[in-house]
Amino acid sequence: QVQLVESGGGLVQAGGSLRLSCAASGRTFGSNPMGWFRQAPGKEREFVAAITWSGGETRYADSVKGRFTISRDNAKDTVYLQMNSLKPEDTAVYYCAARLGRRAAERTYEYDYWGQGTQVTVSS
């Protein structure tokens with residue numbers, strides 16, 4: 001009963017910024033920890049960032065720490081990923097996800113709902 005729709009992807013030059021949004025719907029959204037993952041062609045889907053339902057805990061992959069920021073606005077049923085200092089290696093399809101558990105998680109199998117993904121391309 002949770003639906004997720006990502007938006008905000010696009011083409012940006014290296015060093016630029018982009019903000020992704022994930023609009024959520026469903027009666028249990030307010031209790032769901034959320035995560036962002038990404039997948040490049042020929043590679044496994046990898047963890048990017050996660051946040052608890054309250055926003056009290058955040059986690060980041062080492063590759064994006066210090067550059068990306070995850071946040072959520074429960075009143076707007078939306079989760080964000082602010083991406084700064086983008087690099088060509090950040091190019092991927094980015095997915096948001098929600099899990100039924102209460103804690104933030106970093107593995108794909110720990111999440112129960114997924115969005116359709118949004119393409120982010122960083123040019124050099």
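Residues numbered from 1 in each chain as written. Predicted model: local features only at pLDDT ≥ 70, side-chain atom pairs only at ≥ 80, totals over all residues. Heavy atoms only, no water.

(A) Broad picture of the overall build of the protein. Helix and strand counts for the protein come out as zero helices and eleven strands. For 124 residues, the compact-globule estimate of 2.2 N^0.38 gives 14 Å, and the C-alpha radius of gyration of the protein, at 13 Å, lies within 12% of that figure. When its C-alpha atoms are laid out on the principal axes, the protein stretches across 40 × 30 × 25 Å. In the protein, which comprises 124 residues, the proportion classed as buried is 44%. When contacts within the protein are restricted to residue pairs at least 6 apart in sequence, long-range pairs at least 24 apart make up 59% of them. Taken as a whole, the protein presents about 6,300 Å² of accessible surface, with 45% of it coming from carbon and sulfur. (Helix = DSSP H or I, 4+ residues; strand = E, 2+ residues; numbered from the N terminus. Rg over C-alpha atoms; globule rule 2.2 N^0.38 Å. Buried < 20%, exposed > 50% of the residue type's maximum accessible area, 1.4 Å probe, protein only. Contact = heavy atoms within 4.5 Å. Areas by Shrake-Rupley, 256 points an atom, 1.4 Å probe, with all protein chains shown as cover.)

(B) Summary view of the packing of aromatic side chains. This structure, assessed with the given rule, holds four aromatic pairs. Where Phe-37 meets Phe-47, the ring centres are 5.7 Å apart and the plane angle is 75 degrees; that geometry is what we call edge-to-face. With Phe-37 in strand β4 (residues 34-39) and Phe-47 in strand β5 (residues 46-51), the pair connects residues that are ten residues apart, well separated along the chain. A single burial state applies to Phe-37 and to Phe-47, both of which are buried. Of the aromatic side chains, those joined through ring pairs into one cluster are Phe-37, Phe-47, Tyr-111 and Trp-114. When the ring centre of Tyr-95 is taken as origin, the NZ or CZ atom of Arg-45, which lies over that ring, is 3.8 Å away. Directly above the ring of Trp-114 sits Arg-45, whose terminal nitrogen or CZ lies 4.9 Å from the centroid. (Phe/Tyr/Trp six-rings, centres within 6.5 Å; stacked < 30°, edge-to-face > 60°. Lys NZ or Arg CZ within 6 Å of the ring centre and 35° of its normal.)

(C) Local environment of the state of the cysteines. Enumeration according to the criterion identifies one disulfide in this entry. Between the sulfur of Cys-22 and that of Cys-96 lies a disulfide, 2.0 Å long from S to S. Taking the sign of the torsion about the S-S bond as the criterion, the disulfide between Cys-22 and Cys-96, at about 55 degrees, is right-handed. With Cys-22 in strand β3 (residues 18-25) and Cys-96 in strand β9 (residues 92-98), the pair connects residues that are 74 residues apart, well separated along the chain. Per residue, the accessibility class of Cys-22 equals that of Cys-96, and both read buried. (Disulfide = S-S within 2.5 Å.)

(D) Inspection of the environment of Lys-76 at higher detail. If you trace the backbone, Lys-76 turns up in the loop between β7 (68-73) and β8 (78-83). Along the primary structure Lys-76 and Ala-24 are separated by 52 residues, whereas in three dimensions their C-alpha atoms are 8.7 Å apart.

(E) How the structure looks around the sheet that holds β8. Here four strands make up an open sheet; going across it, the order is β1-β3-β8-β7 and the pairing antiparallel. Looking at strand neighbours, the two that pair on one side only are β1 (3-7) and β7, the edges of this open sheet. Averaged over all pairs of adjacent strands, the angle between strand axes in this sheet comes to 15 degrees, irrespective of strand direction. As paired strands, β3 and β8 are joined by six bridges and run antiparallel to one another. Residue pairing in the sheet places Cys-22 in a bridge with Val-79 of β8. (Pairing = 2+ DSSP bridges. Axes fitted to C-alpha atoms, helices over the stretch in contact; angles between N-to-C directions.)

(F) Looking closely at the environment of Val-2. Relative to the elements of secondary structure, Val-2 occurs in the segment before β1. Separated by 97 residues in the primary sequence, Val-2 and Arg-99 place their C-alpha atoms 9.6 Å from one another.

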